[in-house]
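The lines below spell out each chain.
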Amino acid sequence: DAQVIGIIVGDQLRDQVDEIDHRRPIAIVLDKTPFYGEMGGQVGDTGQLIGQDFRFEVTDSHVEGGFTLHVGHLREGSVALADALTARVDADRRQGIRRAHSATHVLHWALQKYLGEHAQQQGSKVDRDVLRFDFTNSGAVDRQMLDRIENEINALAIEAVAIESVEMPLAEAKQLGATMLFGEKYPDVVRVVSVGDFSKELCGGTHLDNSGLI
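Residues numbered from 1 in each chain as written. Predicted model: local features only at pLDDT ≥ 70, side-chain atom pairs only at ≥ 80, totals over all residues. Heavy atoms only, no water.

A. Highlighting the side chain of Ser124. Assignment of secondary structure puts Ser124 in strand S10 (residues 121-127). Within the structure, Ser124 has its side chain in polar contact with the side chain of Gln121 (distance 3.3 Å). (Helix = DSSP H or I, 4+ residues; strand = E, 2+ residues; numbered from the N terminus. Polar contact = N/O pair within 3.5 Å; in protein donor to acceptor, adjacent residues only side chain to side chain.)

B. Focus on the environment of His101. Checked against the element boundaries, His101 lands in helix H1 (residues 91-115). When its relative accessible area of 5% is taken as the criterion, His101 is described as buried. Along the backbone, His101 and Asp21 are 80 residues apart, and their C-alpha atoms lie at a distance of 33 Å. Residues contacting His101, with those up to four places away along its chain left out, are Gln42, Val126, Cys203, Gly205, Thr206 and His207. (Buried < 20%, exposed > 50% of the residue type's maximum accessible area, 1.4 Å probe, protein only. Contact = heavy atoms within 4.5 Å.)

C. Broad picture of the sheet that holds strand S13 (residues 189-195). The three strands are arranged S12-S13-S14 in an open sheet whose pairing can be described as antiparallel. The open sheet terminates on both sides in strands that have one partner only, identified here as strand S12 (163-169) and strand S14 (199-202). Going from strand to strand, the sheet's axes swing by 25° on average, the running direction of each strand aside. For S12 and S13, the ladder comprises seven bridges, and the chain directions are antiparallel. Along S13, the bridge assignment pairs Met168 with Val190. Contacts between H1 and the sheet are confined to S12, S13 and S14, with S14 contributing the most and set at about 115° to the helix. (Pairing = 2+ DSSP bridges. Axes fitted to C-alpha atoms, helices over the stretch in contact; angles between N-to-C directions.)

D. Representation of the packing of H1 against helix H2 (residues 143-159). Two elements in contact, H1 and H2, have axes separated by 10 Å at closest approach and are oriented at 135°. Classified by the angle between their axes, H1 and H2 sit oblique to one another. In the packing of H1 onto H2, the handedness of the crossing is right-handed. Here H1 contributes Val106, Leu107, Trp109, Ala110, Leu111, Lys113, Tyr114 and Leu115 to the contact with H2, which in turn contributes Met145, Arg148, Ile149, Glu152, Ile153 and Leu156. (Parallel < 35°, antiparallel > 145°, perpendicular 65-115°, else oblique. Left-handed = near helix turned anticlockwise from the far one by under 90°.)

E. A look at the pairing of strand S1 (residues 2-9). In this sheet, strand S9 (residues 84-89) lies alongside S1 in antiparallel orientation, the contact comprising two bridges. Bridge pairing links Gln3 to Ala84 in S9. With four bridges connecting them, S1 and strand S4 (residues 26-30) associate as antiparallel partners. Residue pairing for S4: Ile8 is matched across the bridge by Ala27. Here S1 pairs with strand S2 (residues 12-13) via two bridges, running antiparallel. By the bridge assignment for S2, Ile8 is matched with Leu13. Between S1 and S2, which pair antiparallel and follow one another directly, the connecting turn spans two residues, one of which, Gly10, has a positive phi of 65°.

As structure tokens, this is what we get:
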């Protein structure tokens with residue numbers, strides 16, 4: 001359950017929108033939300049905002065100025081400031097994103113195990129059951145090494161080890177040995193995502209409950 005606190009059409013704030021299936025997407029801001037706004041390589045959630053007199057399709061979510069913008073199209077009725085609604089994330093798509101993001105953490109760990117600690121993440125894209133991972137290495141990884149890395153990741157998936165997240169002071173996370181991205185600025189309190197007892201990374205994204213779900 002949430003409430004509309006902002007409506008953005010183009011670059012303008014509006015009190016109400018009643019144009020159905022408008023060509024250009026608009027953005028709705030809520031007082032609270034279950035939607036993940038695109039950050040840290042993870043794509044934003046999609047879904048619906050359902051009010052008593054309207055239905056808004058969310059086609060993308062991203063964060064600006066500390067607010068999550070629910071970007072999309074009004075499909076039924078009209079939406080106005082202070083309207084109450086139910087925010088529904090596309091659960092199947094979210095689950096696919098969770099699978100890809102947890103797989104990314106396991107992949108990062110396996111690359112460092114077999115190639116060396118220099119194989120640091122330089123960028124990534126986490127989408128529905130698809131991931132792209134950019135990392136540092138002196139050359140291409142040969143087929144034999146790729147097979148070893150793949151087998152290691154598959155074995156960890158079969159083990160179905162727990163994936164847990166906990167918030168802690170940044171200094172404590174450093175002592176724990178959590179992986180941090182070079183050049184990133186972190187707050188004083190961070191979220192550490194652990195896969196079993198081997199992978200520990202600072203991460204604000206969505207993850208599975210265990211590696212077997214990958």
